[in-house]
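Understanding the architecture of this molecule
Here are the chains, one letter per residue:
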Amino acid sequence: MSIDVRGVHKKFGDFVALDNVSVTIPAGGLTALLGPSGGGKSTLLRIIAGLEEADAGQVLIDGVDATHLPPRKRNVGFVFQHYAAFKHLSVYRNVAFGLEIRKRPAQEVRARVHELLELVHLEQFADRLPAQLSGGQRQRMALARALAVEPTVLLLDEPFGALDANVRKELRDWLRRLHDEVSVTTIFVTHDQEEAMEVADQIVVVNEGRVEQIGTPDELYDAPANDFVMRFVGPVTELDGALVRPHDLELYHENPGGGAVFGTVDRVARVGFEVRAWLVVRDDPPVLVTLTRTQAKALGISPGAKLWVRPVPGAPTVPTRSRTLDKVGV
Ligand SMILES: Nc1ncnc2c1ncn2[C@@H]1O[C@H](COP(=O)(O)OP(=O)(O)OP(=O)(O)O)[C@@H](O)[C@H]1O
């Protein structure tokens, strides 16, 4: 089911949480709402779910105007960061709950719950209570429960937000694989660009109540719409009034042309497989260049070395303050 959000506005008192937001979520895809804290991601997700009503604008689910439909009529499955399971019910009964209240035949419920527990790799924990599961297992149970009633849309609000980094990574892979199996239109909120880039088909960058850019992970990385997106989706450094990725910079002993500028290496650090060099160019803040160890050795990078630096031809660069300029219409 595709989702169309058209010109949505939302205020809390005087505070504008969403300002004319329009987004199309393709059917069957995995879409991330990515942005900094307080930018409006959860509000947008809640408006799609029907848990919050927009002040203006429309939400269409599969072409049908759902703007004023209550959540239960939208057929959405929802998973929050802190999932509220029924503490006194087993994992099996938690997953079965939605089907039982819909009075599905017992045999159908049994088959479906087993299928779901298998899908989320929790078959062996069917009889445990939620408190006897790890955080990651609990979130997988939450997903099984949300999927039980065959929602047309699955909405996940920082589903792995409360888990430690390793478990998050594991669940990220798992969510991608799960989605490939069930292909339900899924939207998930995250403030973690790596999570969004790794998992999503499409990313909607939401900041200060506005959509900064919509695109595939590659589009965002290779053609960021403005300085905000460029900074948010990867490392940046500033060279000659433009933002560029530190690994997209090349160093030369002789002037290679192509707008190269001359600088002096100020500091060098080796971090794992990469070498980071800071180059002082004119009076600007030092420019960060990342290289492999082999490259750094071949160039003889050490403090005091004098080198030319320029972006790799074709590398994305963005004026340092492109977004502010956009806003005032320059
Ligand atoms: N019910 C509410 N009443 C008043 N203000 C609210 C309410 N819900 C959200 N806000 C405000 O709206 C803004 C957007 O909140 P929202 O939760 O959508 O952001 P977010 O991008 O999801 O951030 P986070 O990642 O921190 O959850 C925030 O400044 C928040 O304080």
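Because the structure is predicted, anything quoted here is derived from the model rather than measured.

Reading across the sheet, the 5 strands line up as E13-E17-E14-E15-E16 and stay open at both edges, with antiparallel pairing between neighbours. If you trace the sheet from one side to the other, it starts and ends with strand E13 (249-252) and strand E16 (287-292), each paired once. Each strand of the sheet is rotated relative to its neighbour by a mean of 45 degrees, with strand direction disregarded. Where E13 lies against strand E17 (residues 306-311), 4 bridges are found, and the strand directions are antiparallel. What sits directly across from Leu-251, in E17, is Val-309.

Tracing the chain through its elements places His-88 in the loop between strand E6 (76-79) and helix H2 (91-101). By relative accessible area, His-88 is classed as exposed at 63%.

With respect to the helices and strands, the residue Lys-41 is situated in helix H1 (residues 41-49). Of the buried charged residues, Lys-41 lacks a salt bridge, with Glu-158 as the closest side chain of opposite charge at 4.9 Å. Within the local environment of Lys-41, its side chain forms a polar contact with the backbone oxygen of Gly-35, the two atoms lying 3.0 Å apart. Apart from the residues lying within four places of it in its own chain, the contact partners of Lys-41 are Leu-33, Leu-34, Gly-35, Pro-36, Glu-158, Val-189, Thr-190, His-191 and Val-206.

Below, the discussion takes up the packing of H2 against helix H4 (residues 135-148). One can describe the packing of H2 onto H4 by two numbers: an axis separation of 7 Å at closest approach and a directional angle of 25 degrees. What the angle tells us is that H2 and H4 run roughly parallel. As for the relative orientation of H2 and H4, their crossing is right-handed in sense. Where H2 abuts H4, its residues Val-91, Asn-94, Val-95 and Leu-99 lie against Met-141, Ala-144, Arg-145 and Ala-148.

Bringing the nonpolar core into the picture now. One finds Val-95, Val-113, Leu-117 and Ile-203 to be the most contacted residues of the largest nonpolar core, which totals 49 residues. Broken down by element, the residue count for this core peaks at 7 residues, all from H4. Excluding its chain neighbours within four sequence positions, the residues that come into contact with Ile-203 are Ala-32, Leu-34, Ala-196, Met-197, Gln-213, Ile-214, Gly-215, Pro-217 and Leu-220. With 25 residues, the next largest nonpolar core counts Ile-48, Leu-155, Ile-187 and Val-206 among its residues.

Reading the values: the criteria
- Residues numbered from 1 in each chain as written.
- Predicted model: local features only at pLDDT ≥ 70, side-chain atom pairs only at ≥ 80, totals over all residues.
- Heavy atoms only, no water.
- Pairing = 2+ DSSP bridges.
- Helix = DSSP H or I, 4+ residues; strand = E, 2+ residues; numbered from the N terminus.
- Axes fitted to C-alpha atoms, helices over the stretch in contact; angles between N-to-C directions.
- Buried < 20%, exposed > 50% of the residue type's maximum accessible area, 1.4 Å probe, protein only.
- Lys, Arg positive; Asp, Glu negative; His and termini not counted.
- Salt bridge = Lys/Arg side-chain N within 4 Å of Asp/Glu carboxyl O.
- Polar contact = N/O pair within 3.5 Å; in protein donor to acceptor, adjacent residues only side chain to side chain.
- Contact = heavy atoms within 4.5 Å.
- Parallel < 35°, antiparallel > 145°, perpendicular 65-115°, else oblique.
- Left-handed = near helix turned anticlockwise from the far one by under 90°.
- Core = buried A, V, L, I, M, F, W, Y, C linked by side-chain atoms within 4.5 Å.

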